[in-house]
Amino acid sequence: MAVVELKNINKKFGTGDAEVHVLKDVNFQVNPGQLVAVVGPSGSGKSTFLTIAGGIQTPTSGDVIVEGNDLNKMNLKQRDHLRLNKVGFVLQSYNLIPFLKVKEQFSFVDRVKKTKNVDKKHFQEILSQLGISNLMEKYPAQLSGGQTQRVAIARALYVDPAIVLADEPTAALDSQKVMEVGAMFRDLAHNNNKAIVLVTHDERLEDFADVIYQILDGKLSLLEKKSDKKVA
Amino acid sequence: MYLAIKEILHEKLRYGLIIGMISLIIFLIYVMTSVAIGLAGENTQAIDGWNVQSITMDKSVNLNLSQSSVQKSDIPSNMFAKENSVIGQIPTIVRSKGRKTISSMFFGINQNQFLYKNLAVQSGGKFTKSNAVVVDSSFHDNGYQLGDKIKINDYKKEFTIVGFSNNQKFNVAPALYGTLSAWRDLHGYPSTFAGSAVLSKKNSLKLKSSNYKSYSIQTFINKLPGYSAENSTFIFMIVFLMIISLILIAVFLYILTIQSLPVYAVLRAQGIPAKKLSYSVFSQSVILILAGIFFGAILTAILNTVMPQGIPVKYDFPLLLSVSLGILIMGLIGAFIPAQKISHVDPIQGIGG
C-alpha cells in the first residue's frame, strides 16, 4: 500500500482574473522503502505539492491518502495528529525553535509525542551519520546553515515517521554533506522501509532517488524510475 | 510551560525588561493599595475600636457628628446597659509648651458605659477626672508625654495626659478621650446636653424624640468628610493600574508572538497542536506576572524599611493577595489575543521557498 497517494489533485489560488492554477491533475504515490525526488524550477508548485502531500494544505479538488487515511475526511485535529505521528518535515527555513538547544529540540518532541520516537541507539546513529553529535548544547543561532539543516533532518527523523517530506534538504550543505545526506535518505528508505519525498533543485540528489518526478507549471510527470521493485 | 520557560531563560534581557516593568506596576499597585488601606484605617481606627453596630444622632445634621447633639431628656432612663454609650465629639487644637500643635478630635465618654470600659490604654491609665485625657499614641510620636499639661482650643483650663491609646484616629485626626462634662465645657453647652450621639451595639436605638435617627455604623463611616471620595480615588487609580498592566502584558505578548509566528507556523506544520502553543503563551503570561508579583513584593518590602513615619501605610496581606490574583487574571486576559493569534496561525507560513 502506498504511504502517500495523491489522486487528481488540483490546487488553485485566488479567483477570477487573479486565479492561479498551481497544481493540475497531479497523480502521485510513494511506497514504503522508496526515495522519490521531485525536481522543478522555482514557482513550479513544488512546495504546494509538498504541503498538500503532508496535509498542511487542502487541495481544491482531488484526494490525498496518507497511510490509508483520506485527508479530506479528517478534521484539523486529526491532521495535526497525523503530521505529528506519521510525517517528518524538513523545511527550508525556520526549521528549529530558536530558544531551544539542539538536544532540547528533541526533548520537546518527547513532551508532545510521548511514544514511538526513535530509540536512543538509533537516535545516536542518526546524529553520528549527520555529524551533529557534538552540537547538542548549541542554540540554532550558533549553528552554520549546513548544521541547522542537518539538525532539522534529525528532528524530522526523530519521530520515526512513515514518510519524510523534505523541502530542499541540502540547500545549505557542501558537496560531501550532500552525498552523505543523500546516502542517509536512501539508506533510511531502503533499510528502514521509510517513504521519502525530496523536493529539490539539487541534481546531485537525483543519483540517490529511486524515482524522479519533474514538476513544471503545476504538472507532475515521471522523469525516471530506476527500480521497479518498490514502485507501484 | 516548557517552551515558555525556555524562551524566557533564553531571552533574558528582553523578558527581564518586561518583568521589570510589570514589577514596577505591581509595586505601585501594592503601595497604592496599602496607602489606601492605611488612609482608610486612619479615618476609621477609633470607630473600629468602638466596636458598635449603629449610631443614633440628630437626623437633621446629615450624619455630621460634630453638628449633632442629644439632649439628656431625650434619653430613656432605662436604656443604658452594656450595649449603649453616649459620645460627645468636638474638633480640637491641642497645644502644649514646647510641643507641636496638633489638630485632633475630642471625644467625651461616660465612665459608666462600655466605651470607657473598653478603652484600651497602652501606657498610663484611664482618666478619672474631668481635666484628664487619654490620647492617641501619635501624640507620643510627636513628643507628648504622660503628665503633660495641654490646652484644648481656647478653653482656659488645662488638661493632663494620663494615658496613651493605640490606633485612635478619627477622620485622620488623633483622638482624645475625656469626660462628657469636659466635652460640654469645650462646647460651652449647658448640662442638659447629654452628648453628640448614642453608640449602640444593636442595629438601632429609639430615643424619646423623633428628631433622632439610628444609622448603621458603615453608613456613618461612608459619610465621614472625604472618606468615600478618597476611597473612590484610590480604587480608581488601582483599577486603572491593573488595566495598564493588562494592556502592557497584552501588547508585549502580542509583539513577541508576532515575531515568533514563523516558528509557531513550523511547529504547527510539524503537527504540534495549536492548543499546546496557545497554552505556552498563557504560561508565559503567568510566569511574567508571578515574577512581577515576586519582585514587586520585594520592592514593597524594601520601601517599607525606608518609609518615613507618618505615611499611613497598612499592609493587608489577604487584600494584597486578592489584588495579585486580580493582576494575574488581567495577565491571562492580556494573553488571550496573542494565544488566539497562535491558535489560528497557518502552518503554510512555515514553509519557505
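Residues numbered from 1 in each chain as written. Chains lettered and ligands numbered in written order. Predicted model: local features only at pLDDT ≥ 70, side-chain atom pairs only at ≥ 80, totals over all residues. Heavy atoms only, no water.

### What about the overall build of chain B?
Counting its secondary structure elements, chain B contains 10 helices and 13 strands. Here the C-alpha radius of gyration of chain B, 29 Å, is well above what a compact globule of 353 residues would show, namely 20 Å. Counting only C-alpha atoms, chain B reaches 100 × 50 × 30 Å along its principal axes. Counting every position in chain B, which comprises 353 residues, the buried fraction comes to 52%. The long-range fraction of contacts in chain B, counting pairs at least 24 apart against all pairs at least 6 apart in sequence, stands at 80%. With an accessible surface of roughly 16,300 Å², chain B has 60% of that area assigned to carbon and sulfur atoms. Between the mean site of the 30 positive side-chain charges and the mean site of the 16 negative ones, chain B shows a separation of 5 Å. (Helix = DSSP H or I, 4+ residues; strand = E, 2+ residues; numbered from the N terminus. Rg over C-alpha atoms; globule rule 2.2 N^0.38 Å. Buried < 20%, exposed > 50% of the residue type's maximum accessible area, 1.4 Å probe, protein only. Contact = heavy atoms within 4.5 Å. Areas by Shrake-Rupley, 256 points an atom, 1.4 Å probe, with all protein chains shown as cover. Lys, Arg positive; Asp, Glu negative; His and termini not counted. Charge placed at Lys NZ, Arg CZ, Asp CG, Glu CD.)

### A closer look at unusual backbone geometry
Within the chain, Asp217 of chain A stands out as a residue other than glycine whose phi angle is a positive 50°. Of note, Asp217 of chain A is situated in the loop between strand E9 (211-216) and strand E10 (219-225). Residue Asp217 of chain A is classed as exposed on the basis of its relative accessible area, which comes to 61%. The phi torsion at Val172 of chain B lies on the positive side, around 75°, for a residue other than glycine. Structurally, Val172 of chain B is set in the loop between strand E9 (169-170) and strand E10 (173-179).

### Some points on the interface of chain B and chain A
Every contact between the two is made by 23 residues of chain B and, on the other side, 25 residues of chain A. Summed over both partners, the interface of chain B with chain A comes to about 2,500 Å²; 67% of that surface belongs to carbon and sulfur atoms. On the surface where chain B and chain A come into contact, there are two salt bridges. Counting across the interface, chain B meets chain A through six residue pairs in polar contact (both at pLDDT 80 or more). Within the residue set of the side of chain B that touches chain A, elements represented by two or more residues are helix H1 (2-10), helix H7 (227-269) and helix H8 (274-306) of chain B. No other element matches H7 of chain B, which puts six residues into the side of chain B that touches chain A. Of the residues assigned to the side of chain B that touches chain A, the class counts are 13 nonpolar, six polar and four charged. (Buried area = accessible area lost by both parts, 1.4 Å probe. Salt bridge = Lys/Arg side-chain N within 4 Å of Asp/Glu carboxyl O. Polar contact = N/O pair within 3.5 Å; in protein donor to acceptor, adjacent residues only side chain to side chain. Nonpolar A, V, L, I, M, F, W, Y, C, P; charged D, E, K, R; others polar.)

### Description of the sheet that holds strand E5 (residues 69-70) of chain A
Residue and element names in this part refer to chain A. Strand order in the open sheet made by the four strands is E2-E1-E4-E5, with antiparallel pairing throughout. The two strands at the open ends of the sheet, each matched to only one other strand, are strand E2 (20-30) and E5. As defined by bridge partners, strand E1 (residues 4-13) adjoins strand E4 (residues 61-66) across five bridges and the pair is classed as antiparallel. Counted as the bridge partner of Lys7 is Asp63 from E4. Against the sheet, helix H1 (residues 46-53) engages E1, E2 and E4, with an angle of about 125° to E1. (Pairing = 2+ DSSP bridges. Axes fitted to C-alpha atoms, helices over the stretch in contact; angles between N-to-C directions.)

### A closer look at the side chain of Thr300 of chain B
Positionally, Thr300 of chain B belongs in helix H8. A distance of 2.6 Å separates a polar side-chain atom of Thr300 of chain B from the backbone oxygen of Gly296 of chain B.

### As for the packing of aromatic side chains
Residues and elements named next belong to chain A. If you walk through the whole model with that rule in mind, you get 19 aromatic pairs over all chains. Ring centres of Phe106 and Phe123 lie 4.7 Å apart, and the angle between their planes is 65°; this geometry places the pair in the edge-to-face category. Of this pair, Phe106 sits in helix H3 (residues 102-112) while Phe123 sits in helix H4 (residues 120-130), and the two are 17 residues apart along the sequence. Taken individually, Phe106 and Phe123 each receive the classification buried, so the pair is uniform in this respect. (Phe/Tyr/Trp six-rings, centres within 6.5 Å; stacked < 30°, edge-to-face > 60°.)

### Concerning the packing of helix H2 (residues 12-50) of chain B against H8 of chain B
Residues and elements named next belong to chain B. H8 packs onto H2 with a crossing angle of 55° between their chain directions and a minimal axis gap of 7 Å. Relative to H8, H2 is oriented oblique. Here H2 and H8 pass one another in a crossing that is right-handed. Here H2 contributes Tyr15, Ile18, Ile19, Ile22, Ser23, Leu24, Ile26, Phe27, Tyr30 and Val31 to the contact with H8, which in turn contributes Gln284, Leu288, Ile289, Ala291, Gly292, Ile293, Phe295, Gly296, Ala297, Leu299, Thr300 and Leu303. By residue class, the composition of the contact of H2 with H8 is 17 nonpolar, five polar and no charged. (Parallel < 35°, antiparallel > 145°, perpendicular 65-115°, else oblique. Left-handed = near helix turned anticlockwise from the far one by under 90°.)

### A few points about H1 of chain B
By the burial criterion, the buried members of H1 of chain B are Tyr2, Leu3, Ala4, Glu7 and Ile8 of chain B. Residues of H1 of chain B that are buried in the fold lie against H3 of chain A together with H2, H7 and H8 of chain B.

### Some words on the environment of Gln111 of chain B
Residue and element names in this part refer to chain B. Mapping Gln111 onto the fold places it in the loop between strand E4 (102-109) and helix H3 (114-118). Sequence separation between Gln111 and Lys126 is 15 residues; the distance between their C-alpha atoms is 9.5 Å. For Gln111, the contacting residues outside a window of four places in its chain are Tyr116, Lys117, Phe127, Thr128 and Thr179.

### A word on the confidence of the model for chain B
Looking at chain B, the pLDDT average stands at 90 and 98% of residues meet or exceed 70. For this predicted complex, the interface confidence score (ipTM) comes to 0.83, while the overall pTM stands at 0.75. (pLDDT = per-residue confidence, 0-100.)

### Let's talk about the pairing of E1 of chain A
Residue and element names in this part refer to chain A. The sheet contact formed by E1 and E2 spans seven bridges and is antiparallel. By the bridge assignment for E2, Ile9 is matched with Val26. Connecting E1 to the next strand, E2, in antiparallel fashion are six residues, including Gly14 with a positive phi near 75°.

### Details of the pattern of salt bridges
All names here are of chain A. For the structure on display, the rule yields 12 salt bridges over all chains. In this structure, Lys86 and Glu67 form a salt bridge, with 3.2 Å as the shortest nitrogen-oxygen distance. Linking Lys86 in helix H2 (residues 76-86) with Glu67 in the loop between E4 and E5, this pair joins segments that are 19 residues apart in sequence. Between Lys101 and Glu137 there is a salt bridge whose closest N-O contact spans 3.3 Å. Of the two residues, Lys101 sits in the loop between strand E6 (87-90) and H3 while Glu137 sits in the loop between H4 and helix H5 (145-158), which places them 36 residues apart along the sequence. Since its relative accessible area comes to 47%, Glu137 is described here as partly exposed.

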